[in-house]
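# Examination of the molecular architecture
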Amino acid sequence: MPDTTRPPLTRVAVLIPTYNEHDTLPAAVHGVRRHVPDAEIVVLDDASPDGTGEVADALAAEDPRVHVIHRAGKEGLGAAYLAGFRWALDAGYDALVEMDADGSHRPEDLPALIAAAGDADVVIGSRWVRGGRVVNWPVHRKALSVGGNVYVKMLLGMPVNDATAGFRVYRADALRAMGLEDVASQGYCFQADLTWRAVRTGLRVVEVPITFVEREVGDSKMSGDIVVESLRRITGWGVRHRARQLRGVLERPEHWQDL
């Protein structure tokens, strides 16, 4: 049964960050419109030199439910999402969806993700739960993702299997409760940071299996440097988290009585 303390979602914004997605953006927008026709779409373009911003403007001219935010330059996925969150929260949307424009996030999975938000604060489209799968990934890429997520889960003690996933639904109230002022905005770190904040805040986080399809056009924006920096930050969070746990145990009177 849905949790009646969570109001129904009547205004949903699908945030689609873009950088050089000229060839794939139209299919993403049309797919969202086909599978969740009542949702609105917000394209967040980082001044793509290939003309993606102009493509987005043309789509918006055809459809009043498509909005475009033109950003000054390439600042990365996390920074684009944070700008989109602020815009959508100010505009009064009930739920915000993160979705890539490159075809890796299938629009047909959106209805299940949004439906799950009826009984959750954060919904993660997960590759690494039963029923989830990845298409066209090389073995080393799959190993990096699985290994990274196991590391995050064990280090931070989170009951989440795909903390780095980028296909998500957030209730607006959940984002407000989590606080976005100092979110780490790069690479794996961005998604893991938001997941960790949601869990620490006591929000209900659920995972819904999706099929993730490796992009066929363009190149991944994820570099080795971003992965290393993200894991370095996550390690710092984990060390501090475990230190706090240890201090809590040592400060309990019953701990000393048992010695």
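Figured I'd write up the structure that's included with this text. (Residues numbered from 1 in each chain as written. Predicted model: local features only at pLDDT ≥ 70, side-chain atom pairs only at ≥ 80, totals over all residues. Heavy atoms only, no water.)

We now examine helix α5 (residues 139-156). In this model α5 runs 26 Å from its N-terminal to its C-terminal C-alpha over 18 residues, within 8% of the 26 Å that 1.5 Å per residue would give. Listing the buried residues of α5 in full gives S145, G148, N149, V152, L155 and L156. End-on view of α5: buried residues confined to an arc of 140°, all on one side of the axis. In α5, those exposed residues whose orientation departs by more than 90 degrees from the buried face are V139, H140 and M154. Of the residues trailing α5, G157 is marked for its positive phi of about 65°. (Helix = DSSP H or I, 4+ residues; strand = E, 2+ residues; numbered from the N terminus. Expected span 1.5 Å × (residues − 1). Buried < 20%, exposed > 50% of the residue type's maximum accessible area, 1.4 Å probe, protein only. Arc of directions from axis to C-beta.)

Our next topic: the side chain of R127. In this structure, R127 sits in the loop between β5 (122-126) and β6 (133-135). The class of R127 is buried, set by a relative accessible area of 8%. Separated by 2.7 Å, the side chains of R127 and D162 make a polar contact. Looking at R127, its side chain comes within polar contact range of the side chain of T164, at 3.3 Å. Not counting residues within four places of it along the chain, the set of residues in contact with R127 comprises G132, R133, V134, W137, S145, N149, D162, T164, A165, I210 and F212. (Polar contact = N/O pair within 3.5 Å; in protein donor to acceptor, adjacent residues only side chain to side chain. Contact = heavy atoms within 4.5 Å.)

We describe a pair of aromatic rings using the distance from one ring centre to the other and the angle between the two ring planes. This structure, assessed with the given rule, holds 6 aromatic pairs. An angle of 5° between the planes, with centres 6.1 Å apart, marks the rings of Y81 and F190 as stacked. With a gap of 109 residues between them, Y81 in helix α3 (residues 77-91) and F190 in helix α7 (residues 187-201) connect regions that are remote in the sequence. Here Y81 and F190 have matching classes, each one buried. Between F85 and Y170, the aromatic rings sit 5.8 Å apart at their centres with planes inclined by 70°, giving edge-to-face as the arrangement. With F85 in helix α3 and Y170 in strand β7 (residues 168-171), this pair connects stretches of sequence that are 85 residues apart. The burial state of F85 is the same as that of Y170; both residues are buried. Cluster of aromatic residues (ring-pair linked, three or more members): Y81, F85, Y170 and F190. (Phe/Tyr/Trp six-rings, centres within 6.5 Å; stacked < 30°, edge-to-face > 60°.)

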